[in-house]
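Chain by chain, the residues:
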Amino acid sequence: MIKSVINLCKKVLGRKTNKTEKKATFSNPVILTRDQHPVSRKHISTNALKVLYRLNKGGYDAYLVGGGVRDIILGLEPKDFDIATNATPEQIKDLFRNCRLIGRRFRLAHIVFGRDVIEVATFRGHHDNNNQDQGKGNHKISKQSEHGMLLRDNIYGSIEEDAERRDFSINALYYSVTDFKVYDFANGVEDIHNRTIRLIGDPETRYREDPVRMLRAIRFATKLDMTIDEETQAPISELAPLLANIPAARMFEEFNKLFLSGKAGENFDMLRDYGLFKYFFPVVDQSLEQDDDVHLNAFIRLAMKNTDLRINNNQRVTPAFLLAAMLWYPLQARIQRLNAASQLTPQDAFFAAYNELISEQQHSISIPKRFQLVMKDIWILQDKLARRDGKRAYKSFEHPKFRAGYDFLLLRGEIEGGPAQELAKWWTDFQSAHPETQQQMIKAVSANRPGGRRPGRKRKKPGQNANKASSEKNSA
């Protein structure tokens with residue numbers, strides 16, 4: 001079965017452009033019949049099929065759209081199944097008890113099946129579409145900023161209009177479970193064959209409508225191993241400042257998509273090439289541009305490589321670890337400046353620098369509190385792991401975030417060498433050592449510490465010498 005699907009994918013993607021009978025237009029799409037494409041219901045999640053069938057049964061048109069169709073044609077396993085329909089959000093809610101309506105900028109319906117959420121969007125219409133019913137309660141309004149960015153976009157229309165409103169040609173693909181056909185409105189299959197990321201419409205206008213499309217172009221290019229079309233990439237560097245108008249919470253979502261997808265390193269390079277990285281981490285970008293820290297670039301790349309490896313091995317990752325890596329050396333630079341300009345204790349200097357850095361960073365990407373706490377634990381553990389005498393080593397070892405702090409130290413040791421590398425090796429050995437060996441390791445640390453006691457010599461209790469002399473005198 002798998003082999004037949006692969007062969008069908010090759011058949012679709014292997015077609016030469018001149019074999020296509022016609023070029024797709026929004027009023028006259030290319031229609032691929034069941035035997036001309038690999039999309040099948042067996043590739044679609046059960047919950048997505050339930051939504052499609054119920055919408056059809058309710059008298060509405062409904063299609064699997066965008067990435068789900070694109071990925072199946074590419075021979076990939078879809079992660080999301082988005083649906084487009086001519087039913088309004090309120091009509092969708094009437095059909096599904098497990099539906100919740102979200103969003104003000106884009107009104108969407110989320111059909112909830114436990115942890116699985118199927119997103120359903122009403123066909124978008126053109127902003128000059130004045131003929132549609134602007135019924136009360138349907139929130140069918142549109143609003144743009146002075147820069148052309150869409151602040152509200154609840155204009156509903158036909159499937160043809162919806163396809164024209166989509167961002168990239170490879171996402172303007174619709175699959176119907178009623179006739180099992182794929183409707184290609186923007187020559188998306190051809191672009192998949194040519195491995196090209198191409199915006200629908202005028203690139204500058206589309207980027208102004210939603211500057212995040214610049215980030216999506218990069219993400220799709222690295223994820224799908226494609227090339228961004230020349231016209232699509234041409235305005236990116238010039239329009240990059242528009243990202244400063246994107247809400248910090250949305251930028252955090254885009255950070256996760258770009259850097260926690262298994263392609264962090266490639267996305268990092270492309271973001272910097274197009275001048276977009278600074279809108280995620282301005283202080284980091286400035287330090288990289290000025291080459292302020294010899295370790296920063298190598299450390300970030302190693303942390304990304306480690307994150308990509310874990311993701312591709314289906315291991316758990318947290319954005320907190322990568323965020324901590326991004327901001328570690330800028331944090332150290334601020335601590336050093338505070339120490340030089342004031343008489344703060346090391347602890348006070350750390351928290352002053354931490355609060356200042358996080359406060360600034362929140363203007364670019366809004367890091368949720370739960371991740372800030374993990375970042376802080378990782379950073380604090382770097383100092384705690386260096387203090388291993390007495391019971392301190394055991395306390396650090398029992399810390400809930402010890403593993404994250406230790407992994408962070410391993411990366412530092414690989415980049416910095418010297419004391420950090422020696423410390424990382426010590427903790428590596430300590431974890432696998434027998435309890436008695438662990439005690440000896442801790443005693444050795446205490447003995448080698450400046451001012452530390454040498455092992456084997458016990459401190460005498462106060463008055464011990466006087467008691468001993470008195471005893472010797474009495475015996476004489």
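Rules used in this analysis
Residues numbered from 1 in each chain as written. Predicted model: local features only at pLDDT ≥ 70, side-chain atom pairs only at ≥ 80, totals over all residues. Heavy atoms only, no water. Salt bridge = Lys/Arg side-chain N within 4 Å of Asp/Glu carboxyl O. Helix = DSSP H or I, 4+ residues; strand = E, 2+ residues; numbered from the N terminus. Buried < 20%, exposed > 50% of the residue type's maximum accessible area, 1.4 Å probe, protein only. Axes fitted to C-alpha atoms, helices over the stretch in contact; angles between N-to-C directions. Parallel < 35°, antiparallel > 145°, perpendicular 65-115°, else oblique. Left-handed = near helix turned anticlockwise from the far one by under 90°. Contact = heavy atoms within 4.5 Å. Nonpolar A, V, L, I, M, F, W, Y, C, P; charged D, E, K, R; others polar. Phe/Tyr/Trp six-rings, centres within 6.5 Å; stacked < 30°, edge-to-face > 60°. Lys NZ or Arg CZ within 6 Å of the ring centre and 35° of its normal. Pairing = 2+ DSSP bridges. Core = buried A, V, L, I, M, F, W, Y, C linked by side-chain atoms within 4.5 Å.

Draft legend 1. Main features of the pattern of salt bridges. Counted under the stated rule, the structure contains 19 salt bridges. Of the charged contacts, one joins Arg 301 and Asp 269 as a salt bridge, the two residues approaching to 2.7 Å between their closest N and O atoms. Taken together, the residues span a long stretch of sequence, with Arg 301 in helix H14 (residues 296-312) and Asp 269 in helix H12 (residues 264-273) at a distance of 32 residues. Using a relative accessible area of 34% as the deciding quantity, one classes Arg 301 as partly exposed. Asp 269 gets classed as partly exposed once you look at its relative accessible area, which sits at 32%. Residues Glu 356 and Arg 334 are paired through a salt bridge, measuring 2.6 Å at the closest nitrogen-oxygen approach. One end of the pair, Glu 356, is in helix H16 (residues 346-361); the other, Arg 334, is in helix H15 (residues 319-341), with 22 residues separating them in the sequence. The exposure class assigned to Glu 356 is partly exposed, which follows from its relative accessible area of 39%.

Draft legend 2. Layout of the packing of helix H19 (residues 402-416) against helix H20 (residues 418-432). It is at 7 Å that the axes of H19 and H20 come closest, and there the two elements cross at 140°. Overall, the two elements H19 and H20 adopt an arrangement that is oblique. Between H19 and H20 the crossing geometry is left-handed. On H20, the residues that touch Phe 402, Arg 403, Tyr 406, Leu 409, Leu 410, Arg 412, Gly 413 and Glu 416 of H19 are Gly 418, Ala 420, Gln 421, Leu 423, Ala 424, Trp 427, Thr 428 and Gln 431. Within the contact of H19 with H20, the residues separate by chemical class into eight nonpolar, five polar and three charged.

Draft legend 3. Just the packing of aromatic side chains, in detail. On inspection of all chains with the given rule, the structure shows 27 aromatic pairs. Residues Phe 402 and Tyr 406 carry aromatic rings whose centres are separated by 5.9 Å and whose planes lie at 10° to one another, so their mutual orientation is stacked. Residue Phe 402 and its partner Tyr 406 are located together in helix H19, separated by four residues, close to a single helical turn. An identical accessibility class is assigned to Phe 402 and Tyr 406; each is buried. Taken together, Phe 252, Phe 255, Phe 259, Phe 268, Phe 277, Phe 280, Phe 281 and Phe 371 form an aromatic cluster joined through their ring pairs. Stacked on the ring of Phe 220, the Lys or Arg Arg 219 has its end atom at 5.3 Å from the ring centre. We note Arg 388 situated over the ring of Trp 426; from NZ or CZ to the ring centre the distance is 4.8 Å.

Draft legend 4. Structural view of the environment of Ile 111. As for its position among the elements, Ile 111 is in strand E5 (residues 108-113). A residue is classified by how much of its surface remains accessible, and Ile 111, at 0% relative accessible area, is buried. C-alpha of Ile 111 to C-alpha of Arg 97: the two residues are 14 residues apart in sequence and 8.5 Å apart in space. Not counting residues up to four positions away in its chain, the partners in contact with Ile 111 are Val 51, Ile 92, Phe 96, Asn 98, Cys 99, Asp 116, Val 117, Ile 118 and Val 120.

Draft legend 5. Region of interest: the environment of Ile 365. Along the chain, the position of Ile 365 falls in the loop between H16 and helix H17 (369-384). Ile 365 sits in the buried class, given a relative accessible area of 0%. Separated by 110 residues in the primary sequence, Ile 365 and Phe 255 have C-alpha atoms spaced 8.0 Å apart. Setting aside its immediate chain neighbours within four residues, Ile 365 contacts Ala 248, Met 251, Phe 252, Phe 280, Phe 281 and Leu 323.

Draft legend 6. Here's a closer look at the pairing of strand E6 (residues 116-122). Pairing between strand E3 (residues 82-85) and E6: three bridges, direction parallel. The partner of Ile 83 across the bridge, within E6, is Val 120. Taken together, the six bridges between E5 and E6 define a ladder with antiparallel strand orientation. Residue pairing across strands places Ala 109 opposite Val 120, the latter belonging to E6. Connecting the antiparallel pair E5 and E6 is a turn made up of two residues, with Gly 114 showing a positive phi of about 65°.

Draft legend 7. Geometry of the nonpolar core. One finds Phe 259, Leu 276, Phe 281 and Trp 379 to be the most contacted residues of the largest nonpolar core, which totals 103 residues. Sort the elements by how many residues they give to this core and H15 lands first, with 12 residues. Ala 393, Leu 423, Phe 430 and Ile 442 belong to the second largest nonpolar core, which has 14 residues in total.

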